[in-house]
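Summary of structural features
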Amino acid sequence: MRRKLAAGNWKMNGTATSLSEIRILADAYSAPSCEILICPPATLLARMAEAVGTAPIRLGGQDCHPNASGAHTGDISAGMLKDAGASHVIVGHSERRADHAEDDALVCAKAGAAYGSALVAVICVGETETERDAGDTLKVIGTQLAGSVPDGATADNTVIAYEPVWAIGTGKVPTVAQIAEVHNDLRNSLIQRFGGETANAIRLLYGGSVKASNADDIFAVAHVDGALVGGASLKAADFAPITAALDAS
Ligand code: PGA
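So, how was this worked out
- Residues numbered from 1 in each chain as written.
- Predicted model: local features only at pLDDT ≥ 70, side-chain atom pairs only at ≥ 80, totals over all residues.
- Heavy atoms only, no water.
- Near = heavy atom within 4 Å.
- Polar contact = N/O pair within 3.5 Å; in protein donor to acceptor, adjacent residues only side chain to side chain.
- Areas by Shrake-Rupley, 256 points an atom, 1.4 Å probe, with all protein chains shown as cover.
- Nonpolar A, V, L, I, M, F, W, Y, C, P; charged D, E, K, R; others polar.
- Axes fitted to C-alpha atoms, helices over the stretch in contact; angles between N-to-C directions.
- Helix = DSSP H or I, 4+ residues; strand = E, 2+ residues; numbered from the N terminus.
- Left-handed = near helix turned anticlockwise from the far one by under 90°.
- Contact = heavy atoms within 4.5 Å.
- Core = buried A, V, L, I, M, F, W, Y, C linked by side-chain atoms within 4.5 Å.
- Buried < 20%, exposed > 50% of the residue type's maximum accessible area, 1.4 Å probe, protein only.
- Phe/Tyr/Trp six-rings, centres within 6.5 Å; stacked < 30°, edge-to-face > 60°.

1. A few points about the site of the ligand
Neighbouring the ligand are 13 residues; Lys11, His93, Glu163, Gly169 and Ser209 lie closest to it. Between the ligand and Glu163, the relevant distance is 2.7 Å, taken from an oxygen atom to a side-chain nitrogen or oxygen of the residue. Here Gly231 contributes a backbone N or O atom positioned 2.8 Å from an oxygen atom of the ligand. In isolation the ligand offers 280 Å² of accessible surface; the protein chains occlude 95% of this area. Of the residues contributing to the shell around the ligand, the split by class is four nonpolar, seven polar and two charged.

2. Section: the packing of helix α1 (residues 19-28) against helix α11 (residues 236-248)
Two elements in contact, α1 and α11, have axes whose closest approach is 9 Å; the angle formed by their N-to-C orientations is 35°. Regarding α1 and α11, the two cross each other, and that crossing is right-handed. Where α1 approaches α11, its residues Glu21, Ile24 and Leu25 are matched on the opposing element by Ala236, Phe239 and Ala240. Classifying every residue of the contact of α1 with α11 gives five nonpolar, no polar and one charged.

3. Quick notes on the nonpolar core
Core analysis: the largest hydrophobic core is formed by 63 residues, its most contacted members being Ile38, Ile57, Ile123, Ile160, Leu186 and Phe219. In terms of nonpolar packing, the next biggest core, distinct from the first, is built from 12 residues, Ala7, Val159, Leu205 and Leu228 among them.

4. Overview of the packing of aromatic side chains
Using the criterion set out here, one finds one aromatic pair in the structure. Note on Tyr162 and Tyr206: the rings are 6.1 Å apart at their centroids and 65° apart in plane angle, and the pair reads as edge-to-face. Of this pair, Tyr162 sits in strand β6 (residues 158-162) while Tyr206 sits in strand β7 (residues 203-207); the two residues are 44 residues apart in sequence, bridging distant segments of the chain. In terms of burial, Tyr162 and Tyr206 fall into one category: buried.

Written as structure tokens, this is what we have:
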């Protein structure tokens, strides 16, 4: 049985005043059946860990460097994220792939660095609108999955997030049939590579314009084990109903 996961990605948003949102969430959750993860900017991780206290909210980074330490100005290692209170790290988000020209090999190395620091890697894949229109969605995602997921992936150290680039921050959401097709394909690719036992335990998230009003439909899709939520994770009032929908699914 895969435990559902509601993950919030704050991206480059949030300062000390935003900690009030996490306090609201921490007060709201007593024993959610789903796992809850918030990935704030790295500058807030340690303070957020303090604000969360013993509440059932996990924290994650949004990226990490493949190396453990060294002369990499501006970068953050997986070990540093762990030290600041993270248990997870997002790698290969399409905004990193686009803004920083990250390819699958680099994403794979980052996921490996996450494993090395005992962080769960949330590995993102997703097609652009042009790729979808060309009928290349499954091919593109298959290539990203094969190249971005390390050989050592297990259900304990890896979550896969399917995030169509054209659905991120746009309000456009794929049809449930489109989500189902990709998630089914992801599951089958994982089974081929890692075998049924491991592959069937790895959680597959959907991400891209998830909000309270579409959460029920998305969470009803087979092989959708939760969501990676951007904009609607910034305010507790928007995120809490999504986690409630996941709990109820
Ligand atoms: P969005 O972002 O929910 O704002 O579309 C999702 C993501 O990029 O993780």
